[in-house]
Amino acid sequence: MRIGFIGTGVMANAMMGGIISAGVCKPEDIVGADPTEFGRNKTKEQNGVEVTDNNLDVLEKCDYIFLTVKPQYYAPVIEGIKDHVKDNHVFISIGAGVTLDYLGKAFGDKSVKLVRVMPNTPAQVGEGMSAACPNEFVSEEETKTTLSILAAFGKAEIIPENLFDVVTGVSGSGPAYVFLFIEALADAAVVGGMPRRQAYEFAAQTVYGAAKMVMETGKHPGELKDMVCSPAGTTIAAVRTLEANNFRSAVIEGANAATEKSAAMRG
Ligand SMILES: NC(=O)C1=CN([C@@H]2O[C@H](COP(=O)(O)OP(=O)(O)OC[C@H]3O[C@@H](n4cnc5c(N)ncnc54)[C@H](O)[C@@H]3O)[C@@H](O)[C@H]2O)C=CC1
Ligand SMILES: O=C(O)[C@@H]1CCC=N1
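Please read all numbers here as calculations on a predicted model, not as lab measurements. (Residues numbered from 1 in each chain as written. Chains lettered and ligands numbered in written order. Predicted model: local features only at pLDDT ≥ 70, side-chain atom pairs only at ≥ 80, totals over all residues. Heavy atoms only, no water.)

## Re the UniProt feature "domain: Pyrroline-5-carboxylate reductase dimerisation" (unreviewed entry) in the protein
Point 1. UniProt's entry tags residues 161-265 with the feature "domain: Pyrroline-5-carboxylate reductase dimerisation" (unreviewed entry), counted in the numbering of this structure.
Point 2. Spanning residues 161-265, this segment combines 82% helix with 0% strand, and its end C-alpha atoms are found 15 Å apart. (UniProt positions renumbered as here; feature names shortened; annotations may be inferred. Helix = DSSP H or I, 4+ residues; strand = E, 2+ residues; numbered from the N terminus.)

Shown next, in the form of structure tokens:
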């Protein structure tokens, strides 16, 4: 199978990395297009994928085509390719706030096969979380194939389109909040005298292990938190201080701001 990417920036390269590592495609079976030399060179360096400057090359060579440009570039990109769409093409759009309705209209209200997807950057290490929503022109078989491509770089689930703004606020943008947390936790370790490199390892492994416990035990996060809090111990002292500083509220409001921004970005 040959997979295409129109726009080879950060998210496209993260997904390519996961797809290549999982052995779904070799670098030579991925076709990218990007108008910038920077985008083309970066993709060659990072993933060994040759990138053209002509979006139509991607349509010519691929069936499954990721649209991986920024939301504001969807209109000109689709304008340039819409008259070259064939029956075998399935477009996988990852733009924040870019709806199936908007895409359908941009393609000229033809029966273009579209899957709206919201991935995240941990795709690069095979631990992404993707939501997918196909339109009515995508067959069951094509939906299955799309999910298998997404599964190459992490977990993938079909989600109704009305939840896409929320997905964007939680898993799409979420890695950034987690990186902030890891950075802050590591800074605390450095305050306490730990060398910085070791501090990142201790902070990141703690987040990784805690996430794994949530996934594997099926226990409520509150119960897992209680297991760490020994009576009159260190953890409950930290929890008290975090609560006084609105830690949970800050996270809820932060993710909600991303959700609202996604809704406000509709084309
Ligand atoms: N970065 C992330 O964590 C995530 C991003 N997304 C979505 O992915 C899309 C891309 O985001 P990033 O990768 O962060 O942006 P980016 O700016 O790194 O990549 C966009 C690429 O598109 C290229 N481009 C611009 N005009 C083009 C054209 N006419 N034809 C072909 N390529 C063109 C740019 O040169 C650039 O390399 C956005 O729509 C964003 O909402 C979705 C989930 C996560
Ligand atoms: O910040 C953004 O707009 C993109 C969408 C989700 C993650 N990054």
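## Let's talk about the packing of helix α8 (residues 174-191) against helix α9 (residues 196-217)
Point 1. Between α8 and α9, the shortest axis-to-axis distance is 8 Å and the interhelical angle comes to 130 degrees. Between α8 and α9, the crossing angle belongs to the class labelled oblique. For the element pair α8 and α9, the recorded crossing hand is right-handed. Where α8 abuts α9, its residues Val178, Phe181, Ile182, Glu183, Leu185, Ala186, Asp187, Ala189 and Val190 lie against Arg196, Ala199, Tyr200, Ala203, Ala204 and Val207. (Axes fitted to C-alpha atoms, helices over the stretch in contact; angles between N-to-C directions. Parallel < 35°, antiparallel > 145°, perpendicular 65-115°, else oblique. Left-handed = near helix turned anticlockwise from the far one by under 90°. Contact = heavy atoms within 4.5 Å.)

## A word on the UniProt feature "domain: Pyrroline-5-carboxylate reductase catalytic N-terminal" (unreviewed entry) in the protein
Point 1. UniProt's entry tags residues 2-97 with the feature "domain: Pyrroline-5-carboxylate reductase catalytic N-terminal" (unreviewed entry), counted in the numbering of this structure.
Point 2. Between the C-alpha atoms that bound residues 2-97 the distance is 27 Å, and the span itself is 40% helix and 19% strand.

## With respect to the site of ligand 2
Point 1. Near ligand 2, the surroundings consist of Ala96, Gly172 and Ser173.
Point 2. Taken by itself ligand 2 offers 250 Å² of open surface, and the protein chains cover 46% of this. (Near = heavy atom within 4 Å. Areas by Shrake-Rupley, 256 points an atom, 1.4 Å probe, with all protein chains shown as cover.)

## Some thoughts on the side chain of Thr146
Point 1. When you line up the elements, Thr146 lands in helix α6 (residues 140-151).
Point 2. Looking at Thr146, its side chain comes within polar contact range of the main-chain oxygen of Glu142, at 2.8 Å.
Point 3. Excluding residues within four positions of it along the chain, Thr146 makes contact with Tyr64, Val90, Ile92 and Val115. (Polar contact = N/O pair within 3.5 Å; in protein donor to acceptor, adjacent residues only side chain to side chain.)

## So, the packing of aromatic side chains
Note on aromatic pairs: each is described by the distance of the centres and the angle between the planes.
Point 1. Throughout the structure, instances matching the rule amount to 3 aromatic pairs.
Point 2. With a centroid separation of 5.0 Å and an interplanar angle of 35 degrees, the aromatic rings of Phe91 and Phe107 are classed as tilted. With Phe91 in strand β5 (residues 90-93) and Phe107 in the loop between α5 (100-106) and β6 (113-118), the pair connects residues that are 16 residues apart, well separated along the chain.
Point 3. Residue Phe107 is classed as buried on the basis of its relative accessible area, which comes to 0%. (Phe/Tyr/Trp six-rings, centres within 6.5 Å; stacked < 30°, edge-to-face > 60°. Buried < 20%, exposed > 50% of the residue type's maximum accessible area, 1.4 Å probe, protein only.)

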